[in-house]
Amino acid sequence: MNYKFRFFILLTALLGLVFSFQTMSLKAEPMEPATPESDPNWNTAVTLSTGDSGARLPAISAAPNNGNKLIVAYVSQRSGVEENTDPYYRISNNNGGNWTSPAPINSNTNTTTSDIDIAIDSSGNAHALWVEITAANARQLRYSKQTNWPNGAQTRASVNDPGVISFPRIVTSGANRVDIVWAQDNSGILTDIYHARSTDGGTNWNISGVVVDNSGTSQSPDIAVNANGKIFLVWTEGFLSGQVYYAEGTVSGNSVSWTVVTNLSSKSLATNAVEPKILLDGNTVKVTYTNRLNESTQYVHYLECTSNCVQISNWKSVGNPISGTALGANVGDPFDVNSTLGQAGRCTYVYFHGVRSGSNNEQILGVNSCSGWGTSPQDEITTVATRALNPELAIHNNWWIYLVYEQKGTPSQIKFIRNIPAVYLPLIVK
């Protein structure tokens, strides 16, 4: 066989191969994690609070622009004196794989940080809101943008002893919107819920005021804001027998028009509703709260609404109580069962701390809508060997699920855990 004939045979075979590929339908799925459909496949928890004498009350935020940035803030005890605390943080730029060293958001001598919240905006800047108690027992609500850490904090509100400022919550939306809510009273415990907004990334605050002014005790607010700047707010009204209330706020110029308030907890027949949390999932508003009957009999409830949510008839009570059997909580700390919620794909995840029957320690437990809420076994993050409190969820890109919590001990520590997403492999079909 001569070389010309061999070349002709080879060329014919190559043309046939090309023609075969042209007549095939080539379909390749991207190499990306799959959306979770039930309980997350968790990695081993890591300790974020290091180099201090204890840490508590973690907060977490994931970048909203589908990036890889993640931040955790917490109250860090800086010496053997329990009241010597400052707001601290750590940042991950690879979905929680590695972390920066612990660093202060703000450092003040002779003050106590009692609570903190954190949020990342669409530009990747973090915003912190916390409460400081001075040596004279005055209370201050303080705010700072990441570019100003560890100095340059603003005082957004201040009251003298015996006034109260508590439950700071912060959320970012749009290009430069920052919204904050908190509970405040100038002379006692009969607090109201306050709101403030910045439209220039936290430099100026041109909207501020009381949401509802009444003679009761308003506490535990939580806030969500949609892309158009509309505000969705929940809080607890009442001290010994609480109810969860809901309102929406529409901003016009430098003022907010609030709707009438709606008693959400009446939908699930809760008799003492506390610790509400709120989440926006597209046009659906999702809320959790605890029905606290007594120290050892508490249940997590879940509601959702898709339109005209100021009407209680439009809310759905789904699978309640979603936490299943009764839970307890130490009457001194944390007192209430506390929940957190997040959305990944079509699944709504709710995690909470609580003492299960036969145990003395709070555990971090979870349920989700895709597994049937309380009808399925709970996702057990921690065991009964240690006390674990105050879980907070954050979710990236519908597949990364992050959870932080406080593990009590000597010292107490902030723990971080993330899921191991499944992966779609490339697929070629005819």
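Draft legend 1. Spatial organisation of the sheet that holds strand 13 (residues 207-212). The strand order across the open sheet formed by four strands is 10-11-12-13, and the pairing between neighbours is antiparallel. Only two strands of the sheet have a single neighbouring strand rather than two, namely strand 10 (164-173) and strand 13. Going across the sheet, the axis of each strand differs from the next one's by a mean of 20°, ignoring polarity. Looking at chain direction, strand 12 (residues 192-198) and strand 13 are connected through five bridges and run antiparallel. Paired with His 195 across the bridge in strand 13 is Gly 209.

Draft legend 2. Seen up close, the layout of surface pockets. Its volume calculated, the second largest pocket comes out at about 230 Å³. Lining the second largest pocket are 13 residues; nearest its centre among them are Asn 226, Phe 232, Asn 283, Val 285 and Thr 306. Class assignment for the residues of the lining of the second largest pocket results in five nonpolar, six polar and two charged.

Draft legend 3. Fine view of the packing of aromatic side chains. All told, the structure shown has ten aromatic pairs when counted by the stated rule. Seen from their ring centres, Trp 99 and Phe 416 are 5.0 Å apart, and the 75° between their planes marks the pair as edge-to-face. Here Phe 416 lies in strand 29 (residues 413-418) and Trp 99 lies in the loop between strand 4 (85-92) and strand 5 (103-104), a separation of 317 residues in the sequence. On the accessibility criterion, Phe 416 (2% relative accessible area) is buried. On the basis of an interplanar angle of 80° and a centroid distance of 5.1 Å, the ring pair of Tyr 143 and Trp 205 is categorised as edge-to-face. Of this pair, Tyr 143 sits in strand 8 (residues 139-145) while Trp 205 sits in the loop between strand 12 and strand 13; the two residues are 62 residues apart in sequence, bridging distant segments of the chain.

Draft legend 4. Region of interest: the side chain of Asn 291. Tracing the backbone shows Asn 291 in strand 20 (residues 284-294). Overall, the relative accessible area of 6% leaves Asn 291 in the buried class. Filtering out sequence-adjacent residues up to four positions away, Asn 291 remains in contact with Ala 270, Thr 271, Asn 272, Ala 273, Thr 297, Gln 298, Tyr 299 and His 301.

Draft legend 5. Layout of the environment of Thr 44. By the element assignment, Thr 44 lies in the loop between helix 1 (3-22) and strand 1 (46-47). Counting along the chain gives 375 residues from Thr 44 to Asn 419, while the straight-line C-alpha distance between them is 9.1 Å. For Thr 44, the contacting residues outside a window of four places in its chain are Phe 416 and Ile 417.

Draft legend 6. Spotlight on the state of the cysteines. For the structure on display, the rule yields two disulfides. A sulfur-sulfur distance of 2.0 Å marks the disulfide that ties Cys 347 to Cys 370. Between Cys 347 and Cys 370 the sulfur-sulfur dihedral comes to about -100°; the bridge is accordingly left-handed. You can see Cys 347 sitting in strand 24 (residues 347-354) and its partner Cys 370 sitting in the loop between strand 25 (363-368) and strand 26 (379-380), a full 23 residues away along the chain. Using a relative accessible area of 22% as the deciding quantity, one classes Cys 370 as partly exposed. For the protein, the disulfide bridges join cysteines in the arrangement 1-2, 3-4, where the cysteines are counted in sequence order.

Draft legend 7. Focus on the sheet that holds strand 5. Here four strands make up an open sheet; going across it, the order is 2-3-4-5 and the pairing antiparallel. Each having just a single partner strand, strand 2 (55-62) and strand 5 make up the two edges of the open sheet. As paired elements, strand 4 and strand 5 share two bridges and run antiparallel to each other. Note on strand 5: the bridge partner recorded for Tyr 88 is Pro 104.

Analysis parameters
- Residues numbered from 1 in each chain as written.
- Predicted model: local features only at pLDDT ≥ 70, side-chain atom pairs only at ≥ 80, totals over all residues.
- Heavy atoms only, no water.
- Pairing = 2+ DSSP bridges.
- Helix = DSSP H or I, 4+ residues; strand = E, 2+ residues; numbered from the N terminus.
- Axes fitted to C-alpha atoms, helices over the stretch in contact; angles between N-to-C directions.
- 1 Å grid on protein atoms, 1.4 Å probe; cavity = no way out; pocket = protein on both sides within 12 Å on 5 of 7 lines; lining within 4 Å.
- Points joined across faces, edges and corners; volume = space filled by probe spheres on them.
- Nonpolar A, V, L, I, M, F, W, Y, C, P; charged D, E, K, R; others polar.
- Phe/Tyr/Trp six-rings, centres within 6.5 Å; stacked < 30°, edge-to-face > 60°.
- Buried < 20%, exposed > 50% of the residue type's maximum accessible area, 1.4 Å probe, protein only.
- Contact = heavy atoms within 4.5 Å.
- Disulfide = S-S within 2.5 Å.

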